[in-house]
Amino acid sequence: MLDLVRSVPSSKDPIDCRMVAHDLWPRRFLERREEMPVTLPTMVYWPRNDDEVAAVVLQARVERRAIVPFGAGSGVCAGVSPGAMSWVVDLKRLDRILELDADRRTVTVEAGILGDRLEEFLNNRGFTLGHFPSSIYCSTVGGWVATRSAGQLSSRYGKIEDMTLAVWGIDGRGERIHAAVDDMATGPGLVQMLVGSEGALCLITRMKLRIVPLATHRFVRGVSFPTLQQGLTAMRNVMASGQSPSVLRLYDPLDSALAGNHPTSSEPLRVHAGGLAQARVEDSGPGEHDEPTLFDSLVRRVEELAIFSRPRATRAVVGELLGRPGIANSLLDRFDGKPRLVVGIEGDADDLTRRGPRLLDMLKGQGATDLGDGPGEKWLRHRHRVSYRMSRAFAVGAWVDTCEVACGWEEVAPLYTAVREALRDTAVVLCHFSHAYHDGCSLYFTFAGGGTAGNGPRSALSRYDLCWERALTTVRRHGAVVAHHHGVGRSKVKGLRHAAGNKALLQALKRTLDPDMILNPGVLGLGLGAT
Amino acid sequence: MSATKTMTITKSTATGSKPARTVIDVAVADDAIMGLVERLRLARVKKTPLLASSIVLPAPPPDDVRSVVIDADNGLADVDARLSLAAIGHRLKQQGYWLPMLRPWSAMPLWRLAMTAPLVVDALIQRGTLVSVDGDVIDTPRAPRHAAGPSLLHGLCARPSPTALLVRAHLRVVPRTHARLVVTDHGSADAAARAFVAVTDAARAVCVEAFGTSLAVLADDHGAVHNDVDVDSDRGSAWGRVSSRVVGSRSIGPGDRPAIVKALCAGQRVIGVPFMQRAGVLLSTTASAAAPSLVDVSTATTLAASAIAAALSRPQESAS
C-alpha cells in the first residue's frame, strides 16, 4: 500500500461504512422498510487535502476498487450507491474557505464545505453566492457542482454552473486536473464538462465561485390565476420583461388547494428590509414548526372532510388511500384550487418601490388576483425545511418522491398534463413550476403512492418503480430533460437521452480520465460493469 | 433531415504539405448538413486527414427564410450557422429582435466563431445541431440552462479541440420592444469597469459592453421604449473605432473588475451577458486566439478526449 494512503483517516467499522452506504434516494427507504439488506462499502476514507485524495485514487487503481465520492449524502438519485468491494471517499474534511477576492467577486472553497457555512461566511462580509437549494444546511458545495444544482433564487442568480469559474479535482488516473473559464487552454467549455460529472470523471476537490453583493431589500407577493396556463404565460412574460425576479414559483391547482386558502388582499405594497439571499435571517432551516408536507396536507384535508380529528387513524386511512391512487385521484379532482404564484424581487428600497408595483400591475394585467405578502413570506420562512425529515407517509406503508425536469415554455403545460395522466393509476401527483428562465423552466413533480409489503406486483416497491418508469418515459417522449438540479445519478439513467456523438465523446473522456473505470461507476450510465 | 437537392463537392488539388481545401456547395441548410456528413464520412472511410480550418461552408442565400427562424415563446432564434454574426444580427433586427451582443458584429461564420470564441457558445447558444468529425449528426438537448450531466455542447464545439462542427444553433435573443440601448461615458477605464460590474451584478440587462471608457447597456426600460440607435453609428465616440474583426474570446468572471480594466486599457472590447451571468473579452488578433486543432477523422473522439485530458492536467501556473 502507498505510504501516503496509510496516513489518510479511514475506517472499516460497519457503522462508519453504514453512514455512507447510500444517499437519500427514497427507494432506499422502501428497501429498509422491507428489511432488505444494505450493501456496505469495504472502507471509508476522509482525506484532508488533494494529495490524500490522489493517494487514495492511486491505491484504488492498484487494488481495482471502485471509488464513490460522498459529500453530505443529501442526493436523491442514487448518486451514492457503493458496491460491496467499493471504497467511499468522504470529502467533508476538505471544508476550508481558501480565498475571498472582493475585487474580483470570487470565493475559492474546498468541496466538502456545507452550503450554509459558506453562505453565512459571505453574508458576514456583505456578499452572497445566491445559491439556495432547500438542502442548503445538509449539502456540500462540491455536491452542488457535481450535480448541477439549482437554488431557489436561480431565476436571478443562475444555477451553480453559472457561478462556477474554476474547478480543481483528482481524476481516475490519480492526477490533478484544473479548468477555469479565463484559461485560454480550457475555457468555459471544460469547466462545463466537469460541472455535472457526478464523480464519474474526477473527484472535485475545490472550486472558484462568482459572488455578488447582498441586496438590502426585498419585495414579495402572492397572486392567484384562474387557470394554470395563465399562470405559466405570466411567468414567461415576467422573465422576458427583464424584471429578473429572484423567486418565481407557480403551484398547480392541487398543490395550491392543499396549501389552504389565501383571501384576496388589498393590503398596501411593502418593501421589506433584508434581501432574499440571506440564509439565516428568516430562520428557514430545520425547526420545530415544520411546513406541512404533501402527506400532512392530505391528512389535514381528509380530517376536514371527515369533521373529526384522529391524526393517527387518518394517517393510516391516507396511507391506504395512496395504495389506491385511482380512487385517491378521483377524490382529489374535487378540490378546486387556483394556481398560486409566489414572486419576489430584490434590490435597494428605492429601486423596489418603483419595480414592485410595476411587477404586480403586469401580473394583474395577465389575470392575477393579489393575495398580499402572506404566501411569499410564508414560503420564505419555510423554504429550507423540506429536506430535514422523512415524510410520515413512509411510516404508514406509503411513499413520496420528487422528480424535477426541464423544458421550453411551449412544452411545459403539455408535459405537466401528460405526466399526471401517465401516473393517474400509480400515484397522486403534485407539481410546481420554478427555476424560470427566458427559455423555459423546471417542473418539480411530487409523487405519492402506496402498495402492499414485500416484492410482489402490487407492492410499494413495484409501484414506486413503475411510477418512475412511466414518468421518465413520458418526460423523454416530450423531449424534456430528465434532471434539472438533482442530478442523474443511477436512478434516472434510463431517461437520459444521449446523442450518439455525445455519448462517444463522454465515454472517450471517461476512458481517458479514468482508464480503470473506478470513479463512481454507473452514474450517468458510464463505467458500468468495469469494477 | 433529408438531402433533397443535388450537392456539389469540389476539392482543390493539395499542394506540398497543405491539405486539400474542401468546399461544400449547397443551397439549403439541410443539404449543407448532409453534404458535410457525407464529406466527413468519406474522409473517415478513406482515412484522409482533414483540417477543420480547411472546411468551407458557403453562406446561404440572403433571401432564405429558413436561415433565421424566431421562436418567440422561448426567446430563441434557430439560425443557420453558416451565417456570420453580422448577418444574423441584421436579420434579427429586421424581425424585431436584438442579438445579445452589440454591434459591430463579427463577419466570421457562426460555425467557425463557435470554435474560436467560447464566450459565444457559453452565453448565446442554448442548443445546437452539430456534425461530428466522424460524420454523425448530433442534436444537443433542448433545455433551459444545461440541466443534466456534463455539457457536451461546450465540449463538442469549443476548445481545446473541436470534435464537431456547428451547423444550426438556437441563439438566445430578445424582442426589441423589451429593451433599449443606452451609451454612457465614464471618464476612465476603472470607472467603466465598475459600472460594468454593477450592471452584471444586477443581472437584469440583456447585454453590456465596455470599450475604452464608455459603456453600452441594452436593458429593459420602464415604458419598453424602442431605441434604434446602434453603438457604432456614433462615429464621434469610442465605438466608432471598435473593430468588428473578432476571432476569439477569453471568458472572465462577470465581476472581475481588474481583468476588465486590463482589457479596456489594452484596447479590447469587454462583453457581458448579465441575464446569463457570463462575461468575456473579445479578441481581434489571431495571435492571441487559439486556432482549431487538427481534426483527424480516424481517431477524432479519442484524440479529443486526450486533448481535453491534457488541457485539464496542465500545470496550473501556466493558466492565465
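Scoring rules and cut-offs
- Residues numbered from 1 in each chain as written.
- Chains lettered and ligands numbered in written order.
- Predicted model: local features only at pLDDT ≥ 70, side-chain atom pairs only at ≥ 80, totals over all residues.
- Helix = DSSP H or I, 4+ residues; strand = E, 2+ residues; numbered from the N terminus.
- Buried ≥ 20, exposed ≤ 12 C-beta atoms within 10 Å, placed from the backbone.
- Domains from an automatic or database assignment.
- Contact = placed C-beta atoms within 7 Å.
- Pairing = 2+ DSSP bridges.
- Axes fitted to C-alpha atoms, helices over the stretch in contact; angles between N-to-C directions.
- Nonpolar A, V, L, I, M, F, W, Y, C, P; charged D, E, K, R; others polar.
- pLDDT = per-residue confidence, 0-100.

Draft legend 1. Structural context of the overall build of chain B. When helices and strands are counted, chain B shows 8 helices and 18 strands. Residue burial in chain B is summarised as follows: out of 320 residues, 56% are buried.

Draft legend 2. The arrangement of unusual backbone geometry in detail. All names here are of chain A. One non-glycine residue, Arg148, lies in positive phi territory at about 55°. By the secondary structure assignment, Arg148 is in the loop between α6 (141–147) and α7 (154–157). Accessibility expressed as a C-beta count within 10 Å gives 28 for Arg148, which makes it buried. Of note, Met517 is a non-glycine position whose phi angle comes to about 55°, a positive value. What makes Met517 partly exposed here is the crowd of 19 C-beta atoms within 10 Å.

Draft legend 3. How the structure looks around the domain arrangement of chain A. All names here are of chain A. By the assigned domains, chain A splits into domain 1 (3–91 + 510–525), domain 2 (97–213) and domain 3 (217–277 + 291–477). Each of domain 1 and domain 2 has a C-alpha centre, and these two points are 21 Å apart. Taken residue by residue, the interface counts 24 residues in domain 1 and 23 residues in domain 2. Broken down by secondary-structure element, the contributors of at least two residues to the side of domain 1 that touches domain 2 are α4 (50–63) and α19 (500–513). Of all the elements, α4 adds the most residues to the side of domain 1 that touches domain 2, at 6 residues.

Draft legend 4. Focus on the sheet that holds strand β8 (residues 164–171) of chain A. Residue and element names in this part refer to chain A. Pairing in this open sheet of 5 strands is antiparallel, and the strands run β5-β6-β10-β8-β9 from one edge to the other. Looking along the sheet, the strands with just one partner apiece sit at the ends: β5 (97–101) and β9 (176–180). For this sheet, the mean inter-axis angle between neighbouring strands, taken without regard to orientation, is 15°. In this structure, β8 lies alongside strand β10 (residues 202–210), joined through 7 bridges in antiparallel fashion. Paired with Val167 across the strands is Met207, a residue of β10. In this fold α4 packs onto β8, β9 and β10, with an angle of close to 45° to the strand it touches most, β8.

Draft legend 5. Structural view of the sheet that holds strand β14 (residues 214–219) of chain B. Residue and element names in this part refer to chain B. Strands sit in the order β12-β14-β13-β16-β17-β15 across an open sheet of 6 strands; the sheet is antiparallel. The open sheet terminates on both sides in strands that have one partner only, identified here as β12 (180–185) and β15 (248–252). For this sheet, the mean inter-axis angle between neighbouring strands, taken without regard to orientation, is 20°. As judged from the 5 bridges shared by strand β13 (residues 207–211) and β14, these two strands associate in the antiparallel manner. In the sheet register, Val208 faces β14, and the bridge partner there is Val217. Each of β13, β14, β16 (269–273) and β17 (278–283) touches helix α6 (residues 189–202); the most contacted strand, β13, lies at about 170° to it.

Draft legend 6. Structural detail: the environment of Ala316 of chain A. Mapped onto the elements, Ala316 of chain A comes out in helix α13 (residues 311–322). Taking the C-beta count within 10 Å as the criterion, Ala316 of chain A has 15 such neighbours and is therefore assigned partly exposed.

Draft legend 7. Representation of the interface of chain B and chain A. Opposite the 66 residues of chain B that make contact, chain A presents 68 residues. For the side of chain B that touches chain A, the element with the most residues is helix α8 (residues 300–312) of chain B, which contributes 9 residues. Of the residues in the side of chain B that touches chain A, the class split is 30 nonpolar, 21 polar and 15 charged.

Draft legend 8. Region of the structure containing the confidence of the model for chain B. Residues and elements named next belong to chain B. Scored by pLDDT, chain B comes out at a mean of 75, with 72% of its residues at no less than 70. Ranking the elements of chain B by mean pLDDT puts strand β1 (residues 8–11) last with 36 and helix α7 (residues 257–265) first with 97. Throughout residues 286–298 the model reports pLDDT below 50, and contacts reaching past four residues in sequence, or to other chains, amount to 37 contacts. Across the interfaces of the predicted complex, the ipTM metric reaches 0.90, alongside a pTM of 0.90.

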